[in-house]
Amino acid sequence: MSKKIVLITGASRGIGHATARYLAGQKHQVLATARSQQLLDELKATHPKRIETVACDLLDAASLQKIIDHIRDRNVEISALIHNAGGLVNKPLRDLTDQDWNAMWNMNVLSAVRLLRAMLPFFAKKAHIVTIGSMGGFQGSSKYPGLSAYSTSKGALSIWSECMAAELKNDGISVNCLCLGAVQTEMFSSAFPGMKAPVKPDEMAEFVGDFALKAHNFMNGKVIPVALGDP
Ligand SMILES: NC(=O)c1ccc[n+]([C@@H]2O[C@H](COP(=O)([O-])OP(=O)(O)OC[C@H]3O[C@@H](n4cnc5c(N)ncnc54)[C@H](OP(=O)(O)O)[C@@H]3O)[C@@H](O)[C@H]2O)c1
């Protein structure tokens, strides 16, 4: 039987990094990706036997192939995919260019589509895909100036996750989206300069990690707000 892994994107820092460490600490086998090889090496050093890494730019198809090759070479199956990588542009309407909008769409929506399409042959039975959305992209939540492109792209990611849950149900694959509130990371600081978030990456990592391992036994196609307050 093939070995099972949890695949985590955006694992070089912030929430993804903390989630990779948390799951490895729980004795799960983790495949961690991001662009920064150096930061991934530092992550691997925390749990050398449990964490494998592939440096990959999710916006680049050739780079995505590195994840495919890694999984094929090791003959592993994905029991959970946590698509956590994301980007943020903080600009008001008048400064947001078409390029900014395309960048948000590419990073926060299309990267998830491409990754899932590429990973389809490698999922274990009853696999769980968790997409990391944002409270900014959750209908009816508070909205903030400068975050329209980011929030819109995260809203699209959550709807896409619902669509994928319907589409992959018969393959035994579940898909849920976590719309996170404020967590103290580099991204939070660029969205809300000078503000302090009520949650640390390690705290959120525990929730995200446990959710990825267990929640698909109880729900599918859900878009879930995970926030203490505003923002
Ligand atoms: N922090 C918050 O308050 C908050 C709130 C709501 C939602 N979220 C969501 O939570 C997720 C993690 O956020 P975070 O705060 O931990 O962000 P972060 O500290 O900025 O980390 C983002 C991660 O995404 C990776 N990444 C960015 N562009 C990439 C690309 N082209 N290819 C591959 N990897 C790429 C980065 O690694 P490299 O730069 O090494 O590639 C990094 O590991 C994001 O989806 C974010 O939208 C965060």
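The coordinates are above.
1. Quick notes on the packing of aromatic side chains
Overall, the coordinates contain three aromatic pairs when judged by the stated rule. A centroid spacing of 5.4 Å and a plane angle of 40 degrees characterise the contact between Phe 188 and Phe 192, whose relative ring orientation is tilted. In this structure Phe 188 comes out as buried when scored by relative accessible area, which is 6%. Each residue in the set Tyr 144, Phe 188 and Phe 192 is aromatic and connected to the rest through ring pairs, giving one cluster.

2. Considerations on the site of the ligand
Taken together, 29 residues lie near the ligand, and Ser 12, Arg 35, Asn 84, Tyr 150 and Thr 185 sit nearest. Gly 10 places a polar main-chain atom, nitrogen or oxygen, 3.1 Å from an oxygen atom of the ligand. In the environment of the ligand, an oxygen atom lies 2.9 Å from a nitrogen or oxygen atom belonging to the backbone of Ile 15. In isolation the ligand offers 880 Å² of accessible surface; the protein chains occlude 95% of this area. Here the ligand is seated within the largest pocket. Put simply, the parts of the chain that give the shell around the ligand at least two residues each are helix H1 (14-25), strand E5 (123-134), helix H5 (148-168) and helix H6 (186-191). Per-element tally for the shell around the ligand: the top contributor is E5, with three residues.

Scoring rules and cut-offs
Residues numbered from 1 in each chain as written. Predicted model: local features only at pLDDT ≥ 70, side-chain atom pairs only at ≥ 80, totals over all residues. Heavy atoms only, no water. Phe/Tyr/Trp six-rings, centres within 6.5 Å; stacked < 30°, edge-to-face > 60°. Buried < 20%, exposed > 50% of the residue type's maximum accessible area, 1.4 Å probe, protein only. Near = heavy atom within 4 Å. Polar contact = N/O pair within 3.5 Å; in protein donor to acceptor, adjacent residues only side chain to side chain. Areas by Shrake-Rupley, 256 points an atom, 1.4 Å probe, with all protein chains shown as cover. 1 Å grid on protein atoms, 1.4 Å probe; cavity = no way out; pocket = protein on both sides within 12 Å on 5 of 7 lines; lining within 4 Å. Sits in = over half its atoms within 2 Å of the grid points. Helix = DSSP H or I, 4+ residues; strand = E, 2+ residues; numbered from the N terminus.

Function cannot be read off these values alone, since they describe shape.
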